[in-house]
Amino acid sequence: QVQLVESGGGLVQPGESLRLSCAASGIIFRLATASWYRQAPGKERELVATITGGGSTNYVDSVKGRFTISRDNVANSVSLQMNAMKPEDTAVYYCNAQSGISALNYWGKGTLVTVSS
């Protein structure tokens, strides 16, 4: 079965950095589209960053220049480097993968990121 497991969430102060990782089993990230979503209390879940199997990336405007999504093909993992964090970044962050073979979507359970002084 496919499993996605996020790690790296926690409490940071504004201006600090945090890196999230998503480890996968049962799916090969380099043959899929991987994304990070986030959901703040009372808000809809939003797409933060995406990396395709070909390596192209996209970001929501609010994180451009601060966040970077990347893939490690050996470890079969996807990371989200978050710099210059703001209180508005506070949310539960979810890893998502869509198979290029079956077109099925898979989700991790999420990891909480809190930015506060």
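For the structure, see preceding data.
None of these values were measured; they are calculated from a predicted model.

Explain the nonpolar core to me, using residue names and the numbers behind them.
F29, W36, L80, M82 and Y93 are the most contacted members of the largest nonpolar core, which has 27 residues in total. Taken together, the elements giving at least two residues each to this core come down to strand 3 (18–25), strand 4 (32–39), strand 5 (46–51), strand 7 (67–72), strand 8 (77–82), strand 9 (91–99) and strand 11 (111–115). When neighbours within four sequence positions are excluded, L80 is seen to be in contact with L18, R19, L20, W36, A49, F67, T68, I69 and Y93.

Break down the pairing of strand 3 for me, with residues and values.
One ladder, built from five bridges, connects strand 1 (residues 3–7) with strand 3; its direction is antiparallel. Bridge pairing in strand 3 links V5 to A23. Inspection of the sheet shows strand 3 paired to strand 8 by six bridges, in the antiparallel sense. Paired with L18 across the bridge in strand 8 is M82.

Run through the environment of S7, naming residues and quoting values.
Within the secondary structure, S7 is located in strand 1. Separated by 86 residues in the primary sequence, S7 and Y93 have C-alpha atoms spaced 9.8 Å apart. Residues in contact with S7, not counting those within four places in the same chain, are R19, L20 and S21.

Conventions and cut-offs
- Throughout, residues of each chain are indexed from 1 in the direction in which the sequence is written.
- The predicted origin of the model limits local features to residues at a pLDDT of at least 70 and limits the giving and counting of side-chain atom pairs to 80 or more, whereas totals for whole chains, interfaces and linings rest on all residues.
- Excluding hydrogens and water, the side-chain values take into account all heavy atoms of the structure.
- As used in this record, nonpolar core signifies buried Ala, Val, Leu, Ile, Met, Phe, Trp, Tyr and Cys residues forming a set joined through side-chain atoms within 4.5 Å.
- Only protein chains enter the accessibility calculation, which uses a 1.4 Å probe. A residue is then buried if its area is under 20% of the maximum for its type, exposed if over 50%, and partly exposed in between.
- Numbering goes from the N terminus for both helices and strands, where a helix is a DSSP run of H or I of at least four residues and a strand is a run of E of at least two.
- Every residue pair with non-hydrogen atoms within 4.5 Å of one another is taken to be in contact.
- Any two strands with at least two DSSP-identified bridges between them are counted as paired.

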